[in-house]
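# A structural walkthrough
Listed below are the residues making up each chain.
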Amino acid sequence: MFAQLFAVMAPVLAGAGVGFFWVRFKQPYPTGFITKLVLNVGTPCLIIHSLTRTHVELGAFSRMALATVSVLVVMGIIGLILARITRMDWRVIVPPTLFPNTGNMGLPVAMYAFDDKGFPLAVAVFVVMSMSQFVVGCITSSSRPLRGIFTTPTIYAIVIAVLLMAFQIKLPAWLANSVELLAGFTIPMMLITLGVALASIRARSLNIGIGFGLARVVVAGGIALLIGWLLGLTSQALGILVVMMCMPVAVYNYLFAQKAGRSPEFVANLVLCSTLTSFIYLPLLLSFVISHGQ
């Protein structure tokens, strides 16, 4: 079991480590360019490739998407309650409560931990999360959120992928191969960019960050488990939902906070501490999920 878990976590550590030490050795890294390339080219191709390369029932995809939305709604309510209790601006505390790092950490873990039938379900979680995070991020940091929503290629990639699944349409070989090639660089660049981001942010209060990160994992994991059970998800789908929801706080929460000028150092603390602690609890969680769901 240890060898299997290490095989899952090693690529994540390796990819993030490349980005971390690249910056530590003072090498240039065009974060803006890479982020735009991944979001506008790599991610849409990854979504289409992942959801069309294997047969995924539209019903299973829909149930996973519904489960993700349900968890988001409950976590959003908890975030608003937390904002009221702590008297913090909801635009500061709600996004880190809502959005785990299902992209540049969740997808690589899912790719290595689950089989070809499971990975598209993880992509379904990522699709809902990315759309929701983009909407909330635009609302909290942009004056023209609707324009941003309708100009992102990810939205159109989701529509295309769902239509291809619904009507069981196969892409021509030349197009499928091209999409697969462009999708291939997405996860490695996500991991490297994650390492770059972690090397660039600073945390001042470790106790708050670690406490928030661990508390969020327990609450989000419990809610995902309950909602998945109520919706009748399969054991594998339930495990994927729980694992994806227990990812550390997404780096994009920090980027949006920095863009809006709303307590970026506090959000950076949550991102950094939750990510560091995830390397401890994720192997334990994966061990449980793999042993009960595979």
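You'll find the structure just up there.
A few points on the structure. (Residues numbered from 1 in each chain as written. Predicted model: local features only at pLDDT ≥ 70, side-chain atom pairs only at ≥ 80, totals over all residues. Heavy atoms only, no water.)

## So, the overall build of the protein chain
Looking only at helices and strands, the protein chain has 14 helices and zero strands in total. Secondary structure elements of the protein chain, listed N to C terminal, follow the sequence α-α-α-α-α-α-α-α-α-α-α-α-α-α. The buried share among the 294 residues of the protein chain stands at 52%. (Helix = DSSP H or I, 4+ residues; strand = E, 2+ residues; numbered from the N terminus. Buried < 20%, exposed > 50% of the residue type's maximum accessible area, 1.4 Å probe, protein only.)

## Details of helix α3 (residues 58–86)
Since the α-helix advances by 3.6 residues per turn, residues separated by three or four positions end up pointing in the same direction. Here α3 contains 29 residues, and its C-alpha end-to-end distance of 41 Å stays within 8% of the 42 Å for a straight helix at 1.5 Å per residue. Along α3, the residues that are buried comprise F61, M64, A65, A67, T68, V71, L72, M75, G76, G79 and A83. Immediately downstream of α3, the backbone of R87 shows phi near 60°, a positive value. (Expected span 1.5 Å × (residues − 1).)

## Section: unusual backbone geometry
Within the chain, R87 stands out as a residue other than glycine whose phi angle is a positive 60°. Turning to its location among the elements, R87 is positioned in the loop between α3 and α4 (90–98). R87 gets classed as exposed once you look at its relative accessible area, which sits at 79%.

## With respect to the packing of aromatic side chains
Evaluated as defined, the whole model comprises one aromatic pair. Between F20 and F21 the ring centres are 5.3 Å apart and the planes differ by 85°, which places this aromatic pair in the edge-to-face class. (Phe/Tyr/Trp six-rings, centres within 6.5 Å; stacked < 30°, edge-to-face > 60°.)

## Points about α4
Counting buried positions along α4 yields seven of nine residues, so the element is predominantly enclosed. In this structure D89 caps α4, since a side-chain oxygen of it lies 3.0 Å from the backbone nitrogen of R91. (Polar contact = N/O pair within 3.5 Å; in protein donor to acceptor, adjacent residues only side chain to side chain.)

## Brief notes about the side chain of T68
For T68, the location among the structural elements is in helix α3. Judged by relative accessible area, T68 falls into the buried class, the value being 0%. A distance of 2.8 Å separates a polar atom in the side chain of T68 from the backbone oxygen of M64. Here T68 is in contact with V125, V128, M129, L241 and M245, once residues within four sequence places are set aside. (Contact = heavy atoms within 4.5 Å.)

## What about the packing of helix α5 (residues 102–113) against helix α10 (residues 186–200)?
Think of two packed helices as two axes; the pair is described by the angle between the axes and how far apart they sit. As a packed pair, α5 and α10 sit with axes 8 Å apart at the nearest point and diverge in direction by 130°. As far as their axial angle goes, α10 and α5 are oblique. Relative to α10, the crossing made by α5 is left-handed. The segment α5 lies against α10, with G103, N104, M105, L107, P108 and M111 engaging I187, M190, L191 and L194. (Axes fitted to C-alpha atoms, helices over the stretch in contact; angles between N-to-C directions. Parallel < 35°, antiparallel > 145°, perpendicular 65-115°, else oblique. Left-handed = near helix turned anticlockwise from the far one by under 90°.)

## Regarding the environment of L39
Along the chain, L39 turns up in helix α2 (residues 31–52). Separated by 114 residues in sequence, L39 and P153 place their C-alpha atoms 7.9 Å apart.

## Re a nonpolar patch on the surface
A contiguous nonpolar patch, built from V69, V73, I77, I81 and I85 and spanning about 460 Å² of accessible area, is present on the exposed surface. For I81, the location among the structural elements is in helix α3. Here I81 falls in the partly exposed class, since its relative accessible area comes to 46%. (Patch = residues over 30% accessible without salt bridge, like charges linked within 9 Å, V, L, I, M, F, W, Y side chains within 5 Å. Areas by Shrake-Rupley, 256 points an atom, 1.4 Å probe, with all protein chains shown as cover. Salt bridge = Lys/Arg side-chain N within 4 Å of Asp/Glu carboxyl O.)

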